[in-house]
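Commentary on secondary and tertiary structure
Each chain, written out:
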Amino acid sequence: MKLTLGFSPCPNDTFIFDALIHHKIDTEGLNFEVYYDDVETLNHKAMRGELDVTKLSYHAFAYVANKYVLLDAGSALGFGVGPLLICKGDEQKAYADLQSENRTIRIGIPGKYTTANFLLSLAFPNAVNKQEIVFSDIEQALLDDRIEVGLIIHENRFTYQDKGLKKILDLGDYWEKQTGCAIPLGGIVANRKLPVEVQHKINRVLRRSVEYAFANPKSGLDFIRSHAQEMSEEVMYKHIDLYVNQYSLDLGVEGKKAIQLMFDKAKEHEIIPEIKESLFLDGTL
């Protein structure tokens, strides 16, 4: 059985999916046609229901829960892994401006449906003058004075200081202090049109792929590097260590609690629509 699969070229995703797409594990007869896209492109593909299996932002999942169900394996949740708000100038002034009634501050975000933007909306409701920019270009937009505040994700956490940029606020830290929970960033979902037994098969195979990656962390190095642009090996594995953890093997009770809490808070603040479907893959097969 061949399925379409979308994930990002970021090291955490290529690390997780390497064994699965290269048949280093038993895929139980599943084959995958892979699409590599940045997360916001994947979010929009999910809105259109284009893929059988896809990575997406948890914020975006709120808009497609009628089309997709969340798998237990493959998610990126954690502590100390949240998006950062950064600026070129005085970080204290930028923080005060974001807290004020000033709605004109130009903010570069990595996508409307990213979890990063959800957290920004939660922390600074008046921060509405947003410009969508590919995540890897946000630092340069700040340096060029096209925006005043940047919302960064992924490997840019490790590079912004080298460019003289300053941290205003760690939105992951903000979430953790508010809730005591890990921050849900991205998950892997399966199309609800697929038979339930196939959804469970995908989940089993994906967990196997993550287990293989943990047991053989250098096995996918060439594959990871081929998609990591000019990232050094050290930064690649920092990235992986940041986003791939026990929640990537299985959400468990704590992971599901964090996700449900995020959706409850988002609904309370009218950031997302009401969700009627069960978010999670039910039972075991």
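Refer to the structure above for everything that follows.
Conventions used here
- Residues numbered from 1 in each chain as written.
- Predicted model: local features only at pLDDT ≥ 70, side-chain atom pairs only at ≥ 80, totals over all residues.
- Heavy atoms only, no water.
- Helix = DSSP H or I, 4+ residues; strand = E, 2+ residues; numbered from the N terminus.
- Rg over C-alpha atoms; globule rule 2.2 N^0.38 Å.
- Buried < 20%, exposed > 50% of the residue type's maximum accessible area, 1.4 Å probe, protein only.
- Contact = heavy atoms within 4.5 Å.
- Areas by Shrake-Rupley, 256 points an atom, 1.4 Å probe, with all protein chains shown as cover.
- Lys, Arg positive; Asp, Glu negative; His and termini not counted.
- Charge placed at Lys NZ, Arg CZ, Asp CG, Glu CD.
- Polar contact = N/O pair within 3.5 Å; in protein donor to acceptor, adjacent residues only side chain to side chain.
- Pairing = 2+ DSSP bridges.
- Right-handed = clockwise from strand over helix to strand, strands pointing away.
- Phe/Tyr/Trp six-rings, centres within 6.5 Å; stacked < 30°, edge-to-face > 60°.
- Lys NZ or Arg CZ within 6 Å of the ring centre and 35° of its normal.
- Core = buried A, V, L, I, M, F, W, Y, C linked by side-chain atoms within 4.5 Å.
- Axes fitted to C-alpha atoms, helices over the stretch in contact; angles between N-to-C directions.
- Parallel < 35°, antiparallel > 145°, perpendicular 65-115°, else oblique.
- Left-handed = near helix turned anticlockwise from the far one by under 90°.
- Nonpolar A, V, L, I, M, F, W, Y, C, P; charged D, E, K, R; others polar.

Across its full length, the protein holds 12 helices and 11 strands. Over its C-alpha trace the protein gives a radius of gyration of 18 Å, about what one expects of a compact globule, namely 19 Å for 285 residues. Along the longest, intermediate and shortest principal axes, the C-alpha atoms of the protein span 55 × 45 × 30 Å. Evaluated residue by residue, the protein yields a buried proportion of 56% over its 285 residues. Residue pairs in contact within the protein that sit at least 24 positions apart in sequence constitute 76% of those at least 6 positions apart. Here the protein displays about 12,300 Å² of accessible surface, and carbon together with sulfur accounts for 47% of that area. Taken as two groups, the 32 positive and 41 negative side-chain charges of the protein have centres that lie 2 Å from each other.

Let us look at the side chain of Asn126. Counting through the fold element by element, Asn126 comes out in the loop between helix 5 (115-123) and strand 8 (130-132). For Asn126, a relative accessible area of 17% translates into the label buried. Engagement of the side chain of Asn126 in a polar contact is seen with the backbone oxygen of Ser100, the distance being 3.2 Å. If sequence neighbours within four positions are ignored, Asn126 has contacts with Ser100, Glu101, Asn102 and Arg103.

Strand direction decides the pairing type here: strand 1 (residues 2-7) and strand 2 (residues 31-36), joined by 6 bridges, are parallel. Residue Leu5 lies in a different strand from strand 2, and its bridge partner there is Val34. Considered for its hand, the β-α-β crossover made up of strand 1, helix 1 (residues 11-21) and strand 2 is right-handed.

This next bit is on the environment of Gln260. Within the fold, Gln260 resides in helix 12 (residues 252-268). As for Gln260 and Leu279, which are separated by 19 residues in sequence, their C-alpha atoms are 8.5 Å apart. Not counting chain neighbours up to four residues away, the residues in contact with Gln260 comprise Leu279 and Phe280.

Before going further, it helps to examine the packing of aromatic side chains. Counted according to the given criterion, the structure contains 8 aromatic pairs. A centroid spacing of 5.2 Å and a plane angle of 85 degrees characterise the contact between Phe7 and Tyr36, whose relative ring orientation is edge-to-face. Of the two residues, Phe7 is situated in strand 1 and Tyr36 in strand 2; the sequence distance between them amounts to 29 residues. Taking relative accessible area as the criterion, Phe7 reaches 0% and is therefore assigned buried. Each member of the aromatic cluster is reached from another via a ring pair, and the members are Phe7, Phe17, Tyr36 and Phe223. Looking at Lys218, its charged tip hangs above the ring of Tyr237, at a distance of 4.2 Å from the centre.

Once that is clear, we can look at the nonpolar core. Counting residues in hydrophobic clusters, the biggest one holds 56 residues, and the most contacted among them are Tyr58, Phe61, Leu85, Leu120, Ile259 and Phe263. Counting residues per element, this core draws most heavily on helix 5, at 6 residues. Counting 36 residues, the second largest nonpolar core, distinct from the first, contains Leu20, Ile202, Phe223 and Ile224.

Each pair of packed helices can be described by the angle between their axes along with the distance between the axes. Taken N-terminus to C-terminus, the directions of helix 1 and helix 8 (residues 196-215) make an angle of 110 degrees; their axes are 7 Å apart at the nearest point. The orientation of helix 1 with respect to helix 8, classified from their angle, is roughly perpendicular. Relative to helix 8, helix 1 is oriented so that their crossing is right-handed. Mapping the contact onto sequence places Phe15, Ile16, Phe17, Asp18, Ala19 and Leu20 in helix 1 and Val205, Leu206, Ser209, Val210, Tyr212, Ala213 and Phe214 in helix 8. Class assignment of the residues belonging to the contact of helix 1 with helix 8 gives a composition of 11 nonpolar, 1 polar and 1 charged.

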